[in-house]
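Examining the three-dimensional arrangement
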Amino acid sequence: MVTMSINAKERSARKRVEWVDLAKGLTILLVVIMHATGHVEMGMGEDGWMHPIIAFAAPFRMPVFFAVSGLFAAKAISKDWDTFLNGKFVHFAYFYLLWMTIQFIFKTPFFIQDFGIEGTLFYWLASFVQPFGLLWFIYLLPVYFVVLRLTKSVPMLAQFAVAIAVKIYAAQTGIGVVDFFSKYYVFFLIGHFGRDIWFQLAETAQQNKLSAILGLVVWAAANGAIVYFGYDDVALVSVVMGAVGFMAVIDFMAILPKRGLAQVLRFCGERSLPIYLGFFLPMGIARLVIPKLFDFGPGLTAFLVSMAAIVGAIVMYEIVMRLKVGTFLYVRPRWAKLPDRKAAIVPAE
């Protein structure tokens, strides 16, 4: 009986990790597609058939991203401060500063043209305190973890009340770090405090697939209608839509067949950080080259640029890791980690 119980728990854990990876894969793909489509449509001066897809995903795209990030926050904030800061603050700070500088190098000629040399240098320095471009997620995530760690003794309802209040009243201050924090912190809390509920929801969906499918149909219709009529921008409505969208994603990933789309999402989910860090470069190249070579229109062009960005980021990562050249781009080196002060303590004899 004990063996059977342990095996059951291990199988359950594997399923939970699997749907989490699938959800991460979906969100990173939606993020890349959103940026690629936006750039293409802006450059071509018109919307294509990808535009309504992006609009449909908007209410749950970033909420799911942050809710998934909050799922395992409890383990992180329970560690000592040195371990916590090394794993959740220094870790993301390293990749933010590194890739912010890399992106800056590629964009420096344009910045100098617009701001001059001194203005460009100031912009780079300002990016240490204000999220830079596409990397704002990497900037905000460690801030979320630190705030959660500092407030872990505060009652859950009080934390949600404050998070919802700042989303309503402080999401449009014009200060990037404040605005991004206010918009999405409530979803990070949803992932954190509802962890057991979300894992149970995934198991329930697997056991009742027909009910899960019917629920997804109802959700899709409601989500589409709210977006169409423009109510998704209302703060309280967006909180509900984000939370319900997260539940829909969990249901969908839990019942998704293990082959085909699931394999693609799992593959991308396991590489979500490398994709997020590197997609800007192949996206930038593709959105300049494809419209000059082909007259596909904004819809197909946006789709092709999105695929080029995703595949390009993965290829960059795989080449680096397989050749073991420049691995510091994706793997934090030892010098970028906090020293282990516990190991340095020699017990008195």
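Below is a short write-up of the structure.

Reading guide: rules and limits
- Residues numbered from 1 in each chain as written.
- Predicted model: local features only at pLDDT ≥ 70, side-chain atom pairs only at ≥ 80, totals over all residues.
- Heavy atoms only, no water.
- Patch = residues over 30% accessible without salt bridge, like charges linked within 9 Å, V, L, I, M, F, W, Y side chains within 5 Å.
- Areas by Shrake-Rupley, 256 points an atom, 1.4 Å probe, with all protein chains shown as cover.
- Salt bridge = Lys/Arg side-chain N within 4 Å of Asp/Glu carboxyl O.
- Helix = DSSP H or I, 4+ residues; strand = E, 2+ residues; numbered from the N terminus.
- Buried < 20%, exposed > 50% of the residue type's maximum accessible area, 1.4 Å probe, protein only.
- 1 Å grid on protein atoms, 1.4 Å probe; cavity = no way out; pocket = protein on both sides within 12 Å on 5 of 7 lines; lining within 4 Å.
- Points joined across faces, edges and corners; volume = space filled by probe spheres on them.

Looking at a nonpolar patch on the surface
A surface patch of nonpolar side chains, about 1,000 Å² in accessible area, is lined by Trp-49, Ile-53, Ile-285, Leu-288, Val-289, Leu-293, Phe-294, Phe-296, Leu-300, Phe-303 and Met-307. Secondary structure elements with two or more residues in the nonpolar patch: helix H13 (280-293) and helix H14 (297-323). In terms of residue count, the dominant contributor to the nonpolar patch is H13 (4 residues). With respect to the helices, strands and loops of the structure, Phe-303 is situated in helix H14. The partly exposed category is assigned to Phe-303, whose relative accessible area is 33%.

Thoughts on the layout of surface pockets
Reported here for the largest pocket is a volume of approximately 730 Å³. If you trace the largest pocket, you find 31 residues lining it, with Lys-24, Ser-69, Lys-88, Phe-92 and Leu-141 closest to the centre. Counting only elements with at least two residues in the lining of the largest pocket, the list comes to helix H1 (2-44), helix H2 (51-70), helix H3 (73-77), helix H4 (81-126), helix H5 (136-150) and helix H12 (272-278).

Structural notes on the pattern of salt bridges
Tallying each qualifying case throughout the model produces 6 salt bridges. Among the ionic pairs, Arg-271 bridges to Glu-270, the shortest N-O distance being 3.6 Å. For Arg-271, a relative accessible area of 16% corresponds to the buried category. Where Glu-318 meets Arg-322, a salt bridge forms, and the shortest distance between an N and an O atom there is 3.3 Å. With Glu-318 and Arg-322 both in helix H14, this residue pair falls 4 residues apart, about one helical turn. A network of salt bridges, in which partner residues are shared, links Glu-270, Arg-271, Glu-318 and Arg-322.

Thoughts on the environment of Val-264
You can see Val-264 is positioned in helix H11 (residues 261-269). Of the residues examined, Val-264 reaches a relative accessible area of 44% and is grouped as partly exposed. For the pair formed by Val-264 and Gly-25, sequence separation is 239 residues and the distance between their alpha carbons is 7.9 Å.

Here we look at unusual backbone geometry
Of note in this structure, Lys-324 is not a glycine but carries a positive phi near 55°. Tracing the chain through its elements places Lys-324 in the loop between H14 and helix H15 (341-344). A residue is classified by how much of its surface remains accessible, and Lys-324, at 66% relative accessible area, is exposed.

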